[in-house]
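Working through the structure, step by step
Now for the letters of each chain:
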Amino acid sequence: MLMPKKVKHRKQFRGKRRGIATKGNTLEFGDYGLQVLENGWITARQIEAGRIAITRHCKRGGKLWIRLFPWKPVSTKPVEVRMGKGKGDPEFWVDVVRRGRIIYELEGVSETIAKEAMRLAQQKFGLKTRFVKRH
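Quick summary incoming for the structure in this document.

Criteria and thresholds
Residues numbered from 1 in each chain as written. Predicted model: local features only at pLDDT ≥ 70, side-chain atom pairs only at ≥ 80, totals over all residues. Heavy atoms only, no water. Helix = DSSP H or I, 4+ residues; strand = E, 2+ residues; numbered from the N terminus. Buried < 20%, exposed > 50% of the residue type's maximum accessible area, 1.4 Å probe, protein only. Contact = heavy atoms within 4.5 Å. Phe/Tyr/Trp six-rings, centres within 6.5 Å; stacked < 30°, edge-to-face > 60°. Lys NZ or Arg CZ within 6 Å of the ring centre and 35° of its normal. Pairing = 2+ DSSP bridges. Axes fitted to C-alpha atoms, helices over the stretch in contact; angles between N-to-C directions.

Now for the environment of Lys128. Following the sequence through the fold, Lys128 ends up in the loop between α2 (111-122) and β7 (129-133). Given the relative accessible area of 55%, Lys128 is considered exposed. Placed 51 residues apart in sequence, Lys128 and Lys77 show a C-alpha to C-alpha distance of 29 Å. Sequence-distant contacts of Lys128, that is, excluding residues within four places in its chain, are made with Gln35, Val36, Leu37 and Glu38.

Overall, the coordinates contain three aromatic pairs when judged by the stated rule. With a centroid separation of 5.7 Å and 20° between ring planes, the pair formed by Tyr32 and Phe131 is classed as stacked. Highlighted residues: Tyr32 in strand β1 (residues 32-36) and Phe131 in strand β7, separated in sequence by 99 residues. With centroids separated by 6.2 Å and ring planes inclined at 35°, the aromatic side chains of Tyr104 and Phe125 adopt a geometry described as tilted. Here Tyr104, found in strand β6 (residues 102-107), pairs with Phe125, found in the loop between α2 and β7; they are 21 residues apart in sequence, far enough to count as distant. Looking at Phe125, the relative accessible area reads 9%, which means it is buried. In this arrangement the basic side chain of Arg17 is found over the ring face of Trp41, its NZ or CZ atom lying 4.3 Å from the centre. Seen from the ring of Trp65, Lys63 lies directly overhead, with NZ or CZ sitting 5.0 Å from the centre.

All right, on to the sheet that holds β1 then. Taken in spatial order, the four strands of this open sheet run β3-β6-β1-β7, and their pairing is antiparallel. Looking at strand neighbours, the two that pair on one side only are β3 (63-66) and β7, the edges of this open sheet. Across this sheet, the average inter-strand angle for adjacent strands is 20°, counted without regard to direction. Here β3 pairs with β6 via four bridges, running antiparallel. Counterpart to Trp65 in the pairing with β6 is Glu105. Across the sheet, α2 lies against β1, β6 and β7, angled at about 160° from β7, the strand it touches most.

Pasting the structure below:
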């Protein structure tokens with residue numbers, strides 16, 4: 001799974017999830033893409049699950065770009081632990097996405113295959129997404 005090799009701080013604040021994406025909101029590499037329509041977190045597991053769904057449907061044809069990287073650690077405390085005694089240990093990694101951000105880009109396959117592959121990847125996220133193509 002994706003995660004940083006080294007981080008400056010082990011634990012981070014949760015932060016705000018609002019606004020629109022000003023970077024990474026256009027197709028740069030491929031002909032087809034998957035765009036997020038609401039703000040939220042996408043975990044490293046979700047990114048990997050979507051990647052697997054797309055590559056399996058395309059039968060490893062075409063080229064796929066992953067435009068996200070999970071850089072933010074999310075910490076949780078264990079179940080049935082009393083309040084206090086500090087912050088919990090980092091459990092998983094997420095990327096903060098704002099609406100308009102492109103998650104995946106794909107080229108080298110037909111539009112029908114790309115649309116179905118992106119539909120399969122959409123089901124891996126808890127956020128609304130849409131299929132986009134280059135004009």
